[in-house]
Amino acid sequence: MSPADAKTVEARCVRLNAKAENAAALAPVVEPQTLTRGPNDLLIEVKAAAVNPSDVKAATGLMPYAVFPRTPGRDYAGVVIDGPAGTIGREVFGSSGDLGIRRDGTHATHLVVEADAVVEKSKTLSWEEAAGIGVPFVTAMEGFCRAGVPKSGETVLVFGVNGKVGQAAVQIATWQGARVIGVVRKAEAYEGHTNALVEVIDASTSDVATRVRDLTGGKGTDVVFNTVGDPYFQAAHKSLALRGRQILIAAIDRIVQFNILEFYRGQHTYVGIDTLGLSSSATGAVLRDLGAGFASGHLKPFPIKANAVYPLERAKDAYVAVAGSSRDRVILRP
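Since we're looking at a predicted model, the values are computed, not measured.

Another point: the sheet that holds strand β9 (residues 179-184). Within the open sheet, the six strands sit side by side as β10-β9-β8-β11-β12-β13. Their pairing is parallel. Taken across any chain shown, the strands that pair with only one partner, and hence form the sheet edges, are β10 (198-202) and β13 (269-272). Ignoring which end each strand starts from, the neighbouring axes of this sheet average 20° apart. In terms of strand pairing, strand β8 (residues 155-159) meets β9 through five bridges, oriented parallel. When the sheet's bridge partners are listed, V156 is paired in β9 with V180. Its contacts with the sheet place helix α4 (residues 164-175) against β8, β9, β10 and β11 (221-226), and it is angled at close to 170° to β8. Helix-sheet contacts for helix α5 (residues 208-215) involve β8, β9, β10, β11 and β12 (240-248), and the interaxial angle to β10 is about 150°.

Structure (structure tokens):
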């Protein structure tokens, strides 16, 4: 493809021109940006883009490799309007670890992304639902792939079970036939889709590890998916079965007490997951692995509430909502 063949568009993009001290101090603006695709890229008209906690963290300086100025956003759904032969008109969705962090992202009317990064959008998914799949499901699946995908007969313990990654982990684990036990901070039921019963432990009234041993006949759990981090590190550690695996994706305080003797005698495995290290293409491969689950109905997108969908001009409101730990899947709609 020669430069003359490249389709160029004037996109309207949310721009963060400098790091902010906190979410309330964010000052996103909508500005025009000229986008041109490369020979192996797609030019996508964005129909919906999700807002993730990592978008806000990067905007407030918690990710030192985030560049400024930039367009934030990691997750998207849209229509291919230019690309290699056979790609124009495809309805697609995707996600990435570098989009919106190290390079311009999805909170815009248009996006340039590698051709192998996208996944076909099912006609049964709305644009907003498809845009909301990305980061939570990629994080959950990458964690299970690294730790060993749970199988029938295994037990998975999910801390932060009602968070979006927690819910994705439940869906994937129960799709694979595993038993799931969820942990919540206060008395509440599991609120997401599942393919089997999810038993819930209220950490405010129960000792989690003791309760897990009771529920598993003393064995413990084969996999812990710890979406919260250090506050539950000891409870997770003491809940693990022989050769159990703990998946960690978050931290509040970085340092924890660690009993090395119990770790090696238990033959445990700890797996750290940072999806920001995944390229668009690698993320696309993870999402394609999940495709059969969405096609069969074992996996379902998060429901999108009308009051959680914002235009680009209200990007700050969307970022503040996510920073305030909104349980809604927050979406920008260009």
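We now examine the pattern of salt bridges. By the definition in use, this model includes 20 salt bridges. Linking E154 and K151 is a salt bridge whose minimum nitrogen-to-oxygen distance equals 3.7 Å. Salt bridges sharing common partners tie together E91, K121 and K123.

For residues besides glycine, phi is generally negative; the peptide bonds are generally trans as well. For the bond from F68 to P69, the omega torsion is -10°, close enough to zero to count as cis. Tracing the backbone through its elements, the reader meets P69 in the loop between α1 (53-59) and β4 (76-82). The phi dihedral of R243 is positive, around 65°, even though this residue is not glycine. Within the secondary structure, R243 sits in strand β12. For R243, a relative accessible area of 56% corresponds to the exposed category. One non-glycine residue with positive phi stands out, namely S325, at about 65°. Following the sequence through the fold, S325 ends up in the loop between α9 (315-323) and β15 (331-332). Using a relative accessible area of 59% as the deciding quantity, one classes S325 as exposed.

This paragraph deals with the pairing of strand β6 (residues 110-114). Within β6, four of the five residues are buried, which leaves the element mostly enclosed by the surrounding structure. Direction of pairing for strand β3 (residues 41-50) relative to β6: antiparallel, over a ladder of five bridges. Across the sheet, the residue bridging to L43 is V112, located in β6.

The rules behind these values
Residues numbered from 1 in each chain as written. Predicted model: local features only at pLDDT ≥ 70, side-chain atom pairs only at ≥ 80, totals over all residues. Heavy atoms only, no water. Pairing = 2+ DSSP bridges. Helix = DSSP H or I, 4+ residues; strand = E, 2+ residues; numbered from the N terminus. Axes fitted to C-alpha atoms, helices over the stretch in contact; angles between N-to-C directions. Contact = heavy atoms within 4.5 Å. Salt bridge = Lys/Arg side-chain N within 4 Å of Asp/Glu carboxyl O. Buried < 20%, exposed > 50% of the residue type's maximum accessible area, 1.4 Å probe, protein only.

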